Amino acid sequence: MQPPVQHIVSGNSLWLSAQRSIYWEEEQALILADLHLGKTGHFRKAGIGIPQSVYKEDLQRLLSLIQFFKPEKMIVVGDMFHSEANSELELFSRWRKDVDWLQILLVKGNHDILSSEWYSRNDIIVHNHCLEIASFSFRHEAPHTTQREKSFVFSGHIHPGVALKGQARQQLRFPCFHFTAAGCTLPAFSRFTGFVPIKKQPDHTVFAIVNDTLITV
């Protein structure tokens, strides 16, 4: 795994990982977005043959990040789960018991439709719209540009991506971290997702994820 890359925001050390996460050093918190756990099971239930190995690899990658950074808490800015409960979420419940010391904070996204009882049973603290910690805010969707936020906002939802040009006018698209003065949009943690191209401005900072390596665009 590539060593994490440090990015400073408002005096806070953010360690970006090519495994699609941020470790916030001051709060000992792992920040993620759009895990979409259970999505492959949802597709199989609909008759589409997506192998469960995709889901298991995401859980193993998450466990590896927890073992590497040793966070006290994990902040998920929406779409931790994909839809209604299925057999894959039973696997998550067993996985959760292996990291029962970790506090999990979820800012609900549009796909997080499980019952309050299910979240409680799996020791997940749910915030319906926004979570505020120190000088940072966490929302599933970034505020509209016309809205003014006092805090730097971490969000997900759109699964940001960026196009990189190669030889012979080739253009490839990759997931990315997108930093502006107002906030950061995180890449989808799940690899079983598409992404939306972002429009990079001169004052933006973008880290593309290319073959498990971070590249500053």
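That block above? That's the structure.
Residues numbered from 1 in each chain as written. Predicted model: local features only at pLDDT ≥ 70, side-chain atom pairs only at ≥ 80, totals over all residues. Heavy atoms only, no water.

Participant: Just to check I follow, could you spell out the overall build of the chain for this structure?
Facilitator: Across its full length, the chain holds four helices and 16 strands. As displayed, the chain has an accessible area near 11,000 Å², and 50% of this comes from carbon and sulfur atoms. (Helix = DSSP H or I, 4+ residues; strand = E, 2+ residues; numbered from the N terminus. Areas by Shrake-Rupley, 256 points an atom, 1.4 Å probe, with all protein chains shown as cover.)

Participant: Where do I start with the side chain of Asn12 in this structure?
Facilitator: Following the sequence through the fold, Asn12 ends up in strand β2 (residues 12-17). Taking relative accessible area as the criterion, Asn12 reaches 10% and is therefore assigned buried. Reaching out from Asn12, the side chain makes a polar contact with the backbone oxygen of Ser10 at a distance of 3.1 Å. Polar side-chain contacts of Asn12 include one of 3.0 Å to the side chain of Trp24. Apart from the residues lying within four places of it in its own chain, the contact partners of Asn12 are His7, Trp24, Glu26, Ser135 and Phe136. (Buried < 20%, exposed > 50% of the residue type's maximum accessible area, 1.4 Å probe, protein only. Polar contact = N/O pair within 3.5 Å; in protein donor to acceptor, adjacent residues only side chain to side chain. Contact = heavy atoms within 4.5 Å.)

Participant: Whenever I open this one, the state of the cysteines confuses me. Can you help?
Facilitator: The bond known as a disulfide is covalent and runs between the sulfur atoms of two cysteines. Taken as a whole and assessed by the stated rule, the structure comprises zero disulfides. Take Cys176: it sits in no disulfide, and the sulfur closest to it among the cysteines is that of Cys184, at 9.1 Å. (Disulfide = S-S within 2.5 Å.)

Participant: So what exactly am I meant to see when it comes to the nonpolar core here?
Facilitator: Across soluble globular proteins, you tend to see nonpolar side chains buried next to one another. One finds Leu37, Leu62, Met74, Met80, Phe81, Phe92 and Ile124 to be the most contacted residues of the largest nonpolar core, which totals 29 residues. Secondary structure elements with two or more residues in this core: β4 (29-32), α2 (53-69), β5 (73-76), α3 (87-98), β6 (103-107) and α4 (116-121). The element contributing the most residues to this core is α2, with seven residues. If near-sequence neighbours (up to four positions away) are discounted, Ile124 is found in contact with Met80, Phe81, Phe92, Ile104, Leu106, Trp118 and Tyr119. Judged by nonpolar contacts, the second largest core, of 26 residues, contains Leu14, Phe179, Cys184 and Leu214. (Core = buried A, V, L, I, M, F, W, Y, C linked by side-chain atoms within 4.5 Å.)

Participant: Sorry, what's going on with empty space enclosed by the protein here?
Facilitator: If you roll a probe as big as a water molecule over the atoms, it shows you where there is empty space left. Applying the stated criterion to the full structure yields two cavities of 30 Å³ or more. The computed volume of the second largest cavity comes to approximately 30 Å³. Around the second largest cavity, the lining residues are Arg20, His159, Pro160, Pro175, Pro187, Ala188, Thr193, Gly194 and Phe195. Of the residues contributing to the lining of the second largest cavity, the split by class is five nonpolar, three polar and one charged. (1 Å grid on protein atoms, 1.4 Å probe; cavity = no way out; pocket = protein on both sides within 12 Å on 5 of 7 lines; lining within 4 Å. Points joined across faces, edges and corners; volume = space filled by probe spheres on them. Nonpolar A, V, L, I, M, F, W, Y, C, P; charged D, E, K, R; others polar.)

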